[in-house]
Amino acid sequence: QVQLVESGGGLVQPGGSLRVSCAASGRTFRLYTMDYTMGWFRQAPGKEREYVAAITGGLSTNYADSVKGRFTISRDNAKNTVYLQMNSLKPEDTAVYYCAATLSYLATKESEYNYWGQGTQVTVSS
């Protein structure tokens with residue numbers, strides 16, 4: 001099993017920055033850390049959940065076009081933690097941000113992810 005817990009959400013002004021974290025745990029994850037791709041998704045009010053970014057155990061990354069150049073996904077395998085650094089935030093980035101894990105390499109589809117966290121709220125507003 002894999003457990004994921006997000007943290008670091010909050011209120012930030014447009015143009016500001018915020019970093020959210022995702023701590024992974026569980027025997028399966030500890031044994032196969034390098035095999036898991038970790039992803040970030042987000043869901044805005046009234047909208048479907050959408051892909052944001054993903055990172056493999058070997059630190060290959062992929063980003064949605066909407067966040068490319070503004071967001072950076074990173075990972076500390078020793079700490080079993082994934083980060084999403086968000087810069088130049090816009091009101092349209094307001095959403096609940098979810099961390100997810102999969103054994104599918106650099107997956108970008110929600111259906112490919114098996115494990116999900118509870119989410120952390122990010123609000124971009126003046």
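Above this text is the structure in question.
Residues numbered from 1 in each chain as written. Predicted model: local features only at pLDDT ≥ 70, side-chain atom pairs only at ≥ 80, totals over all residues. Heavy atoms only, no water.

Engineer: How should the environment of glycine 46 be read in this particular structure?
Structural biologist: Mapped onto the fold, glycine 46 is located in the loop between strand E4 (37–43) and strand E5 (50–55). In this structure glycine 46 comes out as exposed when scored by relative accessible area, which is 90%. When the C-alpha atoms of glycine 46 and valine 122 are compared, they prove to be 15 Å apart, with 76 residues separating the residues in sequence. (Helix = DSSP H or I, 4+ residues; strand = E, 2+ residues; numbered from the N terminus. Buried < 20%, exposed > 50% of the residue type's maximum accessible area, 1.4 Å probe, protein only.)

Engineer: For this particular structure, what's the right way to read the nonpolar core?
Structural biologist: The nonpolar side chains of a soluble globular protein tend to be buried with one another. In this structure, Met38, Trp40, Leu84, Met86 and Tyr97 are the most contacted members of the largest nonpolar core, which totals 36 residues. Put simply, the parts of the chain that give this core at least two residues each are strand E3 (18–25), E4, E5, strand E7 (71–76), strand E8 (81–86), strand E9 (95–102) and strand E11 (120–124). If we ignore the near neighbours within four places in the chain, the residues touching leucine 84 are Leu18, Arg19, Val20, Trp40, Val52, Ala53, Phe71, Thr72, Ile73 and Tyr97. (Core = buried A, V, L, I, M, F, W, Y, C linked by side-chain atoms within 4.5 Å. Contact = heavy atoms within 4.5 Å.)

Engineer: Even after reading the chapter, I still don't get the pattern of salt bridges, so can you show me in this structure?
Structural biologist: Tallied over the full model, the rule gives 5 salt bridges. Note that glutamate 110 and arginine 49 form a salt bridge whose closest N and O atoms lie 2.9 Å from each other. Of this pair, glutamate 110 sits in the loop between E9 and strand E10 (115–116) while arginine 49 sits in the loop between E4 and E5, placing them 61 residues apart in sequence. Among the residues examined, arginine 49 registers a relative accessible area of 24% and is labelled partly exposed. For aspartate 65, the salt bridge is made with lysine 68, and the minimal N-O distance between the two is 3.1 Å. On the basis of relative accessibility, which here comes to 67%, the residue aspartate 65 falls in the exposed class. Overlapping salt bridges bring together Arg42, Glu50, Arg70 and Asp93 as one network. (Salt bridge = Lys/Arg side-chain N within 4 Å of Asp/Glu carboxyl O.)

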